[in-house]
Amino acid sequence: MASDPPPSTGGAGLAGGGSAAAGAAEPADATDPALGPVRPGQPTPGAVGRVGPGAAEGLAELDGLGRRQRHELWMRRALQVAVTGPGPVIGPESSEAGPVADDVPVGAVIYGPDGTELAAGRNERELTGDPTAHAEVLALRRAAERLGRWRLDDCTLVVTLEPCTMCAGAIVLARISTVIFGAWEPKTGAAGSLWDVLRDRRLNHRPEVYGGVLEAENSAVLRAFFR
Ligand SMILES: [Zn+2]
């Protein structure tokens, strides 16, 4: 596995890092869930049931966190999904069965502009016999279903392994703003390893990409699986 940091994560930060970062730039009391104004159409801060498990804590923890810490926090959630599945609330069709021993443990989570967890997915190729049932594709489908639209602008996709060409293509088509991935995948990776679909200048949408987040932990989970 490549152990170097992202080859050309390029715009690491140049594009402004999404809305969570923008929120952090607001006055302190404007981002405090207890004091912040509730904007029309946005979930009520602290309304746990509205946005799913962990989302309220996520929002609270985001306050005062740096970007790197936020990425690592989100990646730990993706790792949890990789190991134990998406959980009972998100992706009901898969949660009952839990992870299948044959499926490579890859987890993906999509966060909304305010840091709310929208959807999660775990690789289910063996479980479902579906060649497209990669963690990212399942999470994209569920997030789109939840929002009622295919455009996932300003959303962040966090995945434990560098996306393949199919998933990178789906991420671009969904207009995901930011992609954070864990382990590099030199054999099939399409976010810098073999190809760089996410930042191909010929495409009209290019998300901001951060690779190698918690790489050691993510690689260890995969190594343990293949051992
Ligand atoms: Zn994939």
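Predicted model, so just to flag it, every value in this text is computed and none were measured.

In this structure, alanine 190 sits in the loop between β4 (178–183) and β5 (208–210). Assessed through the 21 C-beta atoms surrounding it within 10 Å, alanine 190 is described here as buried. Sequence separation of alanine 190 and threonine 165 is 25 residues, and the distance between their C-alpha atoms is 5.1 Å. Apart from the residues lying within four places of it in its own chain, the contact partners of alanine 190 are Pro163, Cys164, Thr165, Ala168, Trp195 and Val197.

The next subject is the nonpolar core. In this structure, Ala78, Val109, Ile110, Ala139, Leu157 and Val158 are the most contacted members of the largest nonpolar core, which totals 47 residues. Put simply, the parts of the chain that give this core at least two residues each are α5 (67–84), β1 (107–111), β2 (117–122), α8 (135–147), β3 (156–161), α9 (165–173), β4 and β5.

What follows covers the sheet that holds β2. Strand order in the open sheet made by the five strands is β2-β1-β3-β4-β5, with mixed pairing throughout. Each edge of the open sheet is held by one strand with a lone partner, namely β2 and β5. Taking each pair of neighbouring strands and ignoring which way they run, the sheet shows an average axis angle of 15 degrees. Of the pairings in the sheet, the one linking β3 to β4 comprises five bridges and is parallel in character. Bridge pairing in β4 links valine 159 to phenylalanine 181. Docked against the sheet, helix α10 (residues 215–226) engages β3 and β4, running at close to 60 degrees with respect to β4.

Take the packing of α8 against α9 next. Running from N to C, α8 and α9 point in directions that differ by 25 degrees, and their axes come no closer than 9 Å. One element, α8, and the other, α9, form an angle in the roughly parallel class. Helix-helix and strand crossings are classified by hand; for α8 and α9 the assignment is left-handed. Across the interface between the two elements, Glu136, Val137 and Leu140 from α8 touch Cys167, Ala170 and Ile171 from α9. Partitioning the contact of α8 with α9 into residue classes produces five nonpolar, no polar and one charged.

As a further point, take the packing of α5 against α10. For the pair α5 and α10, the least separation of the axes is 11 Å and the interaxial angle reads 5 degrees. With respect to their mutual orientation, α5 and α10 come out roughly parallel. Residue-level contacts link Leu79, Ala82 and Val83 of α5 to Glu217, Asn218 and Val221 of α10. Here the residues of the contact of α5 with α10 sort into four nonpolar, one polar and one charged.

For β2, the tally of buried residues reaches six of six residues, placing the bulk of the element in the interior. Here β1 pairs with β2 via five bridges, running antiparallel. What sits directly across from valine 109, in β2, is alanine 120. Between β1 and the antiparallel strand that follows it, β2, lie five residues; glycine 115 among them carries a positive phi value of about 90 degrees.

What follows is about α10. In a regular helix each residue adds 1.5 Å, so 12 residues correspond to 16 Å; α10 covers 16 Å between its end C-alpha atoms and thus fits that length. Three or more residues of α10 are buried, namely Glu215, Asn218 and Val221. One side of α10 carries all its buried residues, which in axial view fall inside an arc of 135 degrees. Along α10, the residues that are exposed and aim more than 90 degrees away from the buried face are Ala216, Arg223 and Ala224. Packing partners of the buried residues in α10 comprise α5, β3 and β4.

Thresholds, definitions, all that
Along each chain, numbering runs from 1 in the same order as the chain's sequence is written. This being a predicted model, a pLDDT of at least 70 is required before a residue's local features are given, and a value of 80 or more before pairs of side-chain atoms are given or counted; all residues contribute to the totals for chains, interfaces and linings. Runs of H or I in DSSP of at least four residues are treated as helices and runs of E of at least two as strands, each being numbered from the N terminus. Buried residues are those with 20 or more other C-beta atoms within 10 Å of their own C-beta, exposed residues have 12 or fewer, and partly exposed residues lie in between; C-beta atoms are placed from the backbone. Note on contacts: residues are paired as contacts if their backbone-placed C-beta atoms lie within 7 Å. Joining buried Ala, Val, Leu, Ile, Met, Phe, Trp, Tyr and Cys residues through C-beta atoms within 7 Å gives a set, and that set is a nonpolar core. In this scheme, strands are said to pair when DSSP sees at least two bridges between them. Axes here mean lines fitted to C-alpha atoms, for a helix over just the part in contact, with angles spanning 0 to 180 degrees between N-to-C directions. Angle categories are assigned with fixed cut-offs, so that under 35 degrees is roughly parallel, over 145 is roughly antiparallel, 65 to 115 is roughly perpendicular, and the rest are oblique. It is the rotation of the near helix from the far one that decides the hand of a crossing: anticlockwise by less than a right angle makes it left-handed, clockwise makes it right-handed. Polar here means any residue outside two lists: the nonpolar Ala, Val, Leu, Ile, Met, Phe, Trp, Tyr, Cys and Pro, and the charged Asp, Glu, Lys and Arg; Gly therefore counts as polar. In this analysis, the expected span of each helix is defined as 1.5 Å times one less than the number of residues it contains. The directions from the helix axis to the C-beta atoms are what the arc is built from.

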